[in-house]
Amino acid sequence: MASRPPSPTKKSHKPERLRFETRLRLYNALLCLPILALLTALLLIEHFSTTAIISILVIVGLALLLAVAAFMDQIIRPLQTLANVVAALREEDYSFRARGAHTNDPFGDLAIEINALADMHQTQRLGALEAAALFRRVIAELDAPVLAFDQSAHLRLINPAAERLFKINAARDLGRTAAELNIDMLIGHTGEEVIQIPDRSQPPGQMSDKLVQTHSRWMLHATQFRQRGVPHTLMLLTDVSTALREEERIAWRRLIRVLGHEISNSLAPIKSIAGTLRARLPQTHDQTHDQSMNGSLPDFDRGLGVIESRAESLNRFVQAYRQLAQLPAPSLRRVPVRPLLERVVSCEQRLEVELKSIPELEILADLDQIEQLLINLVRNGVEAAFSAREESIVKATAARTAPAGKVALAPSVSIHAEPRAGFLSITISDNGPGLTNPGNLFVPFYTTKKSGSGVGLVLARQIAEAHGGTLELRNRTNTHGCDATVRLPLAPDKA
């Protein structure tokens, strides 16, 4: 059976209610009619003339109209004033106040309450504005990046620290999604989590052998809040790379201290015994007459020599690592930058290192430690430049296709320094092969050199961070090579 369509609901037609002002006028008119009727009856009883009766009724009617008008004004005007004040409150304008606020009066008491309500809202409004201004100022001054997203992952709040970290412009990018801004790695986290954020100083989408994108570790604190009833997520990022590196450094120090102590205690007697036996071998050779033994003595001598030399090399290797656990605290003093870099450059004899735009400034540093740090970085750059040239020569020779004079680029290392926000950035650039495994650069015992110990970069970063600075290595963009950047605090201006 086909169902019948629902019948339309009938709307009840209620009579329109008269306005308050109209009803008040009507009530006044009803009150005035008996007065006029009574007055007319009295005038008729007293046998007044028609003209006199009409004149008296007109005069009394006008008087009643004036009285009603005054009565209406006394009631309607205060109500209109109160309505205007309430409307201003609704529009968040708290400058209006009701007049005639007197106690022991119905309208006066109402005006007093509405004025008190306006004062309360004005105080709350000012408090909210001040709190919002303070919040914005605090967020802007925070070194920690702060962002807020709505439930659709649209960016709604960002502070300058987050703008610098993610290379975002608030005026341009607010309202865009996290995916559009390439920061969708922040979405979906709750509570506290450690995440990795790629370095935005390198162009995205250009990952190759010449460009390796590095990551830093951040603690993400995500909390939920509502704005106008819409759920939002507030995110606070804290750089924990330094803290985690400090924990790693402490662990490495303990491990190196224990291993160094045990290995040194074992290597010392091994080296001593091997040396003693080697010293006694010639005497044994002169006294023996056994020809079979005479043929084996040179083998013993060579074996003991290998043991002694390897024990000594291993001891030097261990002592180099013990430097990580025994690095003293820096003794800070004012150090001129230009003479420092000129001394560092003069220590490198294999290649002429170019100094570019060195400012006449001073840094707060331990001269001996900073010199050692910069010498290590310059030496690494020079070795990388020479290794790249040798590798190119070998490849070209094997291929036999490279014309003479174009086998490889000449090794080049340069130093550039510039002040930035209270720090001096010293960048050592080379034209070597660049970084191939940046994740292990600062891991002790890791090295890509045949004769390396894996201490240099770890010690260099430890020195930089002990001075309140940083050390970063990254591949150069659009060319071969690596940039090693050291940031050190500038010395304050002399009073």
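Structure's up top.
Being a predicted model, the structure only gives us computed values, none of them experimental.

Caption draft 1: Main features of the nonpolar core. Core analysis: the biggest nonpolar cluster contains 37 residues, and Leu340, Ile363, Leu373, Leu374, Leu377 and Ile415 have the highest contact counts within it. Elements supplying a minimum of two residues to this core: α8 (337-346), β8 (362-365), α9 (367-399), β9 (413-420), β10 (423-430), α10 (456-466), β11 (470-475) and β12 (482-489). Residues within four places of leucine 373 in sequence aside, it is in contact with Ala460, Ile463, Ala464 and Val486. In this structure, Leu147, Phe166, Ala178 and Leu237 belong to the second largest nonpolar core, which totals 20 residues.

Caption draft 2: View of the pattern of salt bridges. Throughout the structure, instances matching the rule amount to 16 salt bridges. The partner of arginine 334 in a salt bridge is glutamate 362, and the shortest N-O contact between them spans 2.7 Å. On the criterion of sequence distance, the pair formed by arginine 334 in strand β6 (residues 333-336) and glutamate 362 in strand β8 is long-range, its members being 28 residues apart. Look at arginine 334 and you get partly exposed, because its relative accessible area is 29%.

Caption draft 3: Main features of the sheet that holds β11. Ordered in space as β7-β9-β10-β12-β11, the five strands form an open sheet in which the pairing is mixed. Sheet topology places β7 (354-356) and β11 at the edges, where each strand pairs with a single neighbour. Pairwise comparison of adjacent strand axes, ignoring direction, gives a mean angle of 20 degrees for this sheet. Of the pairings in the sheet, the one linking β10 to β12 comprises eight bridges and is antiparallel in character. Paired with serine 429 across the strands is aspartate 483, a residue of β12. Sitting on the sheet, α8 touches β7, β9 and β10, and the angle it makes with β7 is about 160 degrees.

Caption draft 4: Just the packing of aromatic side chains, in detail. For the structure shown, the criterion picks out zero aromatic pairs. Just above the ring of phenylalanine 423 sits the side chain of arginine 487; from NZ or CZ to the centre is 4.3 Å.

Caption draft 5: The pairing of β8, seen in detail. Only one face of β8 is buried, namely the one carrying Ile363 and Ala365, since none of Glu362 and Leu364 on the opposite face is buried. In this sheet, β8 lies alongside β6 in antiparallel orientation, the contact comprising four bridges. Note that in β8 the partner of arginine 333 across the bridge is alanine 365.

Caption draft 6: Just α8, in detail. Within the sequence span of α8, burial applies to Val337, Leu340, Leu341, Val344 and Val345. Within α8, the buried residues cover an arc of 130 degrees as seen down the axis, which keeps them to one side.

So, how was this worked out
- Residues numbered from 1 in each chain as written.
- Predicted model: local features only at pLDDT ≥ 70, side-chain atom pairs only at ≥ 80, totals over all residues.
- Heavy atoms only, no water.
- Core = buried A, V, L, I, M, F, W, Y, C linked by side-chain atoms within 4.5 Å.
- Buried < 20%, exposed > 50% of the residue type's maximum accessible area, 1.4 Å probe, protein only.
- Helix = DSSP H or I, 4+ residues; strand = E, 2+ residues; numbered from the N terminus.
- Contact = heavy atoms within 4.5 Å.
- Salt bridge = Lys/Arg side-chain N within 4 Å of Asp/Glu carboxyl O.
- Pairing = 2+ DSSP bridges.
- Axes fitted to C-alpha atoms, helices over the stretch in contact; angles between N-to-C directions.
- Phe/Tyr/Trp six-rings, centres within 6.5 Å; stacked < 30°, edge-to-face > 60°.
- Lys NZ or Arg CZ within 6 Å of the ring centre and 35° of its normal.
- Arc of directions from axis to C-beta.

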